4 protein chains.
Amino acid sequence: MGNSFGKIFKISTFGESHGLGLGVVIEGCPAGLEIDEAFIVQEMQRRKPGQSKITTQRKEEDEFKILSGVFEGKSTGTPIGMVIMNTDQKSKDYGHIADKFRPSHADFTYFEKYGIRDYRGGGRSSARETAARVAAGAIAKMMLKHYGISIQAYVSQVGSLALEQSYQELDLSKTEDSIVRCPDPQKAEEMISLIDEVRKSRDTIGGIVSCVATGVPAGLGEPVFDRLHAELGKAMLSINAVKGFEYGSGFEGVKMRGSEHNDAFYQEGDRVRTRTNHSGGIQGGISNGEDIYFKVAFKPVATIMIDQESVNEGGDSVTVSGKGRHDPCVVPRAVPIVEAMAALVLADYLLISRTNKL
Amino acid sequence: MGNSFGKIFKISTFGESHGLGLGVVIEGCPAGLEIDEAFIVQEMQRRKPGQSKITTQRKEEDEFKILSGVFEGKSTGTPIGMVIMNTDQKSKDYGHIADKFRPSHADFTYFEKYGIRDYRGGGRSSARETAARVAAGAIAKMMLKHYGISIQAYVSQVGSLALEQSYQELDLSKTEDSIVRCPDPQKAEEMISLIDEVRKSRDTIGGIVSCVATGVPAGLGEPVFDRLHAELGKAMLSINAVKGFEYGSGFEGVKMRGSEHNDAFYQEGDRVRTRTNHSGGIQGGISNGEDIYFKVAFKPVATIMIDQESVNEGGDSVTVSGKGRHDPCVVPRAVPIVEAMAALVLADYLLISRTNKL
Amino acid sequence: MGNSFGKIFKISTFGESHGLGLGVVIEGCPAGLEIDEAFIVQEMQRRKPGQSKITTQRKEEDEFKILSGVFEGKSTGTPIGMVIMNTDQKSKDYGHIADKFRPSHADFTYFEKYGIRDYRGGGRSSARETAARVAAGAIAKMMLKHYGISIQAYVSQVGSLALEQSYQELDLSKTEDSIVRCPDPQKAEEMISLIDEVRKSRDTIGGIVSCVATGVPAGLGEPVFDRLHAELGKAMLSINAVKGFEYGSGFEGVKMRGSEHNDAFYQEGDRVRTRTNHSGGIQGGISNGEDIYFKVAFKPVATIMIDQESVNEGGDSVTVSGKGRHDPCVVPRAVPIVEAMAALVLADYLLISRTNKL
Amino acid sequence: MGNSFGKIFKISTFGESHGLGLGVVIEGCPAGLEIDEAFIVQEMQRRKPGQSKITTQRKEEDEFKILSGVFEGKSTGTPIGMVIMNTDQKSKDYGHIADKFRPSHADFTYFEKYGIRDYRGGGRSSARETAARVAAGAIAKMMLKHYGISIQAYVSQVGSLALEQSYQELDLSKTEDSIVRCPDPQKAEEMISLIDEVRKSRDTIGGIVSCVATGVPAGLGEPVFDRLHAELGKAMLSINAVKGFEYGSGFEGVKMRGSEHNDAFYQEGDRVRTRTNHSGGIQGGISNGEDIYFKVAFKPVATIMIDQESVNEGGDSVTVSGKGRHDPCVVPRAVPIVEAMAALVLADYLLISRTNKL
């Protein structure tokens, strides 16, 4: 279990960091969608290691192939199978940690769960798996675009350096201008300096990715357990290193009074709108047509270049030494992953909503 | 969709606030579990309206009946069907809002989604549905108890009044001593005063529920999409009025360096332990045997006794006036709901974990 | 697992033969459907024991209550919860078989699976559970009717007495005229005599129910594993006492040559039709717009009034003596159950088909 | 939907007949299973085209690669991704039928469902998809073998030529000795002659595959909708060209009296056995420890070398002429597919059964 996501627009991923390859099967993509492979490449590039000085310098080519489900440039309604072969499989690099549990990685828990683990690069627990999500998310985005829905994520915090503006006060079109993917140029510079400093001290740091979905029609979401924000929350919490999720007013909202927090309704043309949007575009688990926005907290990357105390499979005390090429901060590369997961949720709920009424 | 939760230990709820009744079907409860009905009653009492001066004075008897799945006091492995008949159905009370959209309720979104809605007391979107969850959660708790797992939630914040202690520094056995369910007696008094003041001003306020699960064995959780914390997050975000979820170091963790945040492993007898627990008992989505802890943010209750601007189904401007008996703050009654949902997730993942190895 | 059926239009049943009650939760019924309770009553009557001299004389009132999901006569899109309380719970009747395994019942297998079982009337394995299916099926039929789809089942064989006509050669409107539900009046008489004779010899006999669905649009069904006929087959095989399923040409079709069996296409107005219908209205798992027809084989009822060899839970040899009021042949009462399950499959696939294209 | 099968041991297939490749993702294979790749190759050979004079002479190499989920020869509990690249993609061969609906194929229904279709070799509806099933089934078989369960299928009928022996009266170890996979050498010769004659007349013919599972422990199966035989039935009906399924006494059982049909219980050592096995090893949807056996009816292959009447996408009358290399009878190659699907069902239910009791 646990390797599939979605109900109708559903993905199943497979693959380990250093196996032969990884991939994704997308079920339920409606027939007739034009598949723009160049766009998938572009999205993959945004997630790719080695894209800037503040990301890992590891090389992964991330070339995907679409094996099925697309005919003469269009989706056929059958499963879209995509594979990405692993070319940079330096397995030997991992000999030194083969039986050691790296602190705050999934080494120990996988071993407890399965009694066996592919220790190379974290195996299945590696964030490399998210390459498959980004590829699938690109297709979900194409579908959403067809319906006028767009999703934009950006870095709003690195360590204690936080944007003070709300998303409306930012020019999100500038997000990709900076290698840290923060739309405020000055804060972006500060964040880059901080990450650089952290990297030099052989350490890592956390951050927050914020995300906005616009153009979402009212009526998406399922009552009770599959509330739209519950599914978005699960989607985000399923990304490596995520520790928290909040939408709309979030944790700050708890301090407010109902009279402040409630979003008054008014009519604008033929549309019901709200004067404020503490609801974050979702009420009772169903979209209300306003912008959906949420935040995702990422912990500092667990792989550091500093010696750490640990134990091995035999229960002996050992020292884990950092080695290899790793990200000092995960959020710049997490931006497209957050967008991909949001796109997958919205594409799925858009299809589900077609079955609501007689 | 959206009315079921869980994969093996799975619940499906049904019922509206003012329909004939509501209920839950529990599938996958293992056979042979002693079902203690008195315990279910006790859990229901903790969620019940009218239990103290700081909760709604509405009367709901919440008497449940087990229709199936239990024979001679034990679960039989077949679905446990439970129903709670609604006795206090003052439908007429709702005539004044029949076609109005109450701000920050689900009235508008249900109408957009379904084109029809049971407006009485919020219909399906009412928190009354959580009675069914608490009943089911009580059974999940019985199962967990059998395996030495216990779950304790408590109120850690009301408005801006926040506990400063970590859960280890608190005496959680005192939680039920106070009507606000805060284990720190002094802070509890302050919280009660604040809620009382808010109630008198005909307003409402938000809060945070913290939760700890102890005795969880290492190895529970599924890789990738169904990470244990992702499922817990979804479970919590599916509770009415929840705006955020974080576990372990949470949003604060983003400010830390990897060298601070990482939890060093050491051997304690035959068990691998961690020196710190920023991971919140979960690494790579799988439990590591340490305590699992998380926080859930609740917004202020949307029903206030103050006039509010809105529109009706016809698009006319209207005033929504508060009426009826409502909670000024939801968190005291949310404590057993948070526990119930956590219990359901852990019971489910405990069963799933039996299938991991040959 | 195993107590739910369907993907979007989904039912979950609960309840044992002699528990407090049984019921069904219907998820995914589209909002806005007029719910005709009288029609549900009528369908329940067709399944009800004691309806004629050739069925069991057991009295079960089968009065259902709709607890949720219907407001002012229409479905609201939220789960429709229905309960049927058991009034005739003569549990004492079952003391004599409490620890005995009745031959060809589920007593032994439930005991092996769960280690505990509600032995009264077969518990969960009792065909009484199908009352919940018929109630849910009635609602599915209402939805199908709205879209011009109708389903008609009838008894085509009892023991070796088989109808020779195809369904097109029969007047299916006469099915309900005979207590055996065979549309050929003469064959119906013979069947009734046979069942009566079997009943007098304290024995039981098997039979076949045939079923036709008309008005099904082309394009329903999912490729590969969830082919429309595979889901229909599973639905039928899930009914108590069913041993086989075939559709279209069925087992006889294996004897044919491709040149005979293939259904030539031709154009009729704006519709593509087939000259013959060996495909049974389904090609590649997807409906082609022709009538869907299939057959369901029922074994003789396992409860006979003749002494039988068996063992008990302790492994001792015992004699099982028939007692109580049972059906000598299950097919007359199985007709509405077959229709109900077919209706549930088609309602579900109709909704799924809305998500196929952009 | 429709491209996944199973609940815990779950497969998802993708790929078209003439796309770049096809594959399968296996989730839920327990960790620690030794993966014997040579055995997978062997199973694929049994399904492969061109294996004898009575199968299609089409060449498909069917070389699979395991991309993930296996480490140092053992399953790791993570998804096993397998791909088979298509090398013999003679797309041009299909130009002549690009817009024509071949009778009794899925051309028309896919077009109705999706509005677009990959017409090359039937696209997704091609039996080539079953290569992925056989690969996955081989892994399920390895797991079953570990638990002492084996599955053997064989051809029991071609056209009207039917074996008269029950499976107990046959020497199933001889099945693979004949190219038609019938364990009775004399009948096998007759079947081969018949298929050869049919092939020469440019026609096709149907047949029946019988299957036996031995060593299945009592207690596998889920009550009500997911009865073991219902899931087996669905699995079989999901195979291309299948028209019917029966288990145990099957359609013949309807003619019997309960007193004949019931399987008396007796004690044999510490095991409860049945004197006869009309139940086919399954009672109330749960295995009882006796052999499970069932039959699967296959229609004649739809592709014949004879001209046929049809229409095209534009609604014009056309003639469809046979071309290419096709099987005159599908059953010899269907034997390993039936086994694979049976293995997948049993592996899945074996894992599920671990969750039944406290």
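Residues numbered from 1 in each chain as written. Chains lettered and ligands numbered in written order. Predicted model: local features only at pLDDT ≥ 70, side-chain atom pairs only at ≥ 80, totals over all residues.

1. A closer look at the overall build of chain A
- If you tally the helices and strands in chain A, you get seven helices and 18 strands.
- Over its C-alpha atoms chain A spans a radius of gyration of 21 Å, differing by no more than 12% from the 21 Å that the globule rule assigns to 358 residues.
- When the backbone C-alpha atoms are referred to their principal axes, chain A occupies close to 65 × 50 × 35 Å.
- Taking all 358 residues of chain A together, 67% fall into the buried category.
- Pairs at least 24 apart in sequence give 70% of the contacts found in chain A among residues at least 6 apart. (Helix = DSSP H or I, 4+ residues; strand = E, 2+ residues; numbered from the N terminus. Rg over C-alpha atoms; globule rule 2.2 N^0.38 Å. Buried ≥ 20, exposed ≤ 12 C-beta atoms within 10 Å, placed from the backbone. Contact = placed C-beta atoms within 7 Å.)

2. Describing the interface of chain C and chain D
- Contacts between the two partners involve 95 residues from chain C, matched on the other side by 95 residues from chain D.
- For the side of chain C that touches chain D, a count of residues per class yields 36 nonpolar, 40 polar and 19 charged.
- The pairing of strand β11 (residues 242-247) of chain C with strand β11 (residues 242-247) of chain D spans three bridges and is classified as antiparallel. In the strand pairing of β11 of chain D, Glu246 of chain C is matched with Gly244 of chain D. (Nonpolar A, V, L, I, M, F, W, Y, C, P; charged D, E, K, R; others polar. Pairing = 2+ DSSP bridges.)

3. Remarks on helix α4 (residues 185-200) of chain A
Residues and elements named next belong to chain A.
- Over its 16 residues, α4 runs 23 Å from end to end, which matches the ideal 22 Å to within 8%, given 1.5 Å per residue.
- Among the residues of α4, Lys187, Ala188, Met191, Ile192, Leu194, Ile195, Val198 and Arg199 are the ones counted as buried. Seen along its axis, α4 keeps its buried residues to an arc of 165°; they face one direction. For α4, the exposed residues set more than 90 degrees away from the buried face come down to Pro185, Gln186 and Lys200.
- Where α4 is buried, its residues contact β8 (150-158) and β9 (161-162).
- Phi for Arg202, located one or two positions after α4, is positive at around 60°. (Expected span 1.5 Å × (residues − 1). Arc of directions from axis to C-beta.)

4. Digging into the UniProt feature "binding site: FMN" (unreviewed entry) in chain A
Residue and element names in this part refer to chain A.
- Feature annotation in UniProt assigns "binding site: FMN" (unreviewed entry) to the following positions: Arg124, Ser125, Ser126, Asn240, Ala241, Gly284, Lys299, Pro300, Val301, Ala302, Thr303 and Arg325. Spanning 202 residues, the named residues are also spread out in space, since their farthest C-alpha pair is 44.2 Å apart.
- Within the fold, Arg124 resides in the loop between α2 (107-114) and α3 (130-146).
- A residue is classified by how many C-beta atoms lie within 10 Å of it, and Arg124, with 30 of them, is buried.
- Inspection of the secondary structure assignment puts Gly284 in the loop between β14 (282-283) and β15 (286-287).
- The buried category is assigned to Gly284, around which 27 C-beta atoms lie within 10 Å. (UniProt positions renumbered as here; feature names shortened; annotations may be inferred.)

5. Topic: the relation of the copies chain C and chain D
- Under the fitted operation, chain C is carried onto chain D by 0.0 Å of movement along the axis and a turn of 180°, and the coordinates agree to an RMSD of 0.0 Å. Such a turn and shift between the copies fits a two-fold axis.
- In this assembly, 100% of the residues forming the interface of chain C have copies in chain D that are likewise at the interface, indicating an isologous arrangement. (Least-squares fit on C-alpha atoms with pLDDT ≥ 70 in both.)

6. Here we look at the sheet that holds strand β3 (residues 21-27) of chain B
All names here are of chain B.
- The strand order across the open sheet built from five strands is β1-β2-β3-β7-β4, with neighbouring strands paired in antiparallel fashion. Among the strands making up the open sheet, the edge pair consists of β1 (4-5) and β4 (64-66).
- Relative to strand β7 (residues 80-85), β3 is paired through six bridges, and the arrangement is antiparallel. Note that in β7 the partner of Val25 across the bridge is Gly81.
- Running over the sheet, helix α3 (residues 130-146) touches β2 (10-14), β3, β4 and β7 and is turned about 30° from β3. (Axes fitted to C-alpha atoms, helices over the stretch in contact; angles between N-to-C directions.)

7. Let's talk about the pairing of strand β7 (residues 80-85) of chain C
Residue and element names in this part refer to chain C.
- For β7, the tally of buried residues reaches five of six residues, placing the bulk of the element in the interior.
- In terms of strand pairing, strand β4 (residues 64-66) meets β7 through three bridges, oriented antiparallel. Pairing of Ile66 across the sheet is with Met82, part of β7.

8. As for helix α2 (residues 107-114) of chain B
- With seven of eight residues buried, α2 of chain B is to be regarded as a mostly interior element.
- Residues of α2 of chain B that are buried: Asp107, Phe108, Thr109, Tyr110, Glu112, Lys113 and Tyr114 of chain B.
- Looking at the buried residues of α2 of chain B, the elements they touch are β12 (265-268), β13 (271-274), β14 and β15 of chain A.

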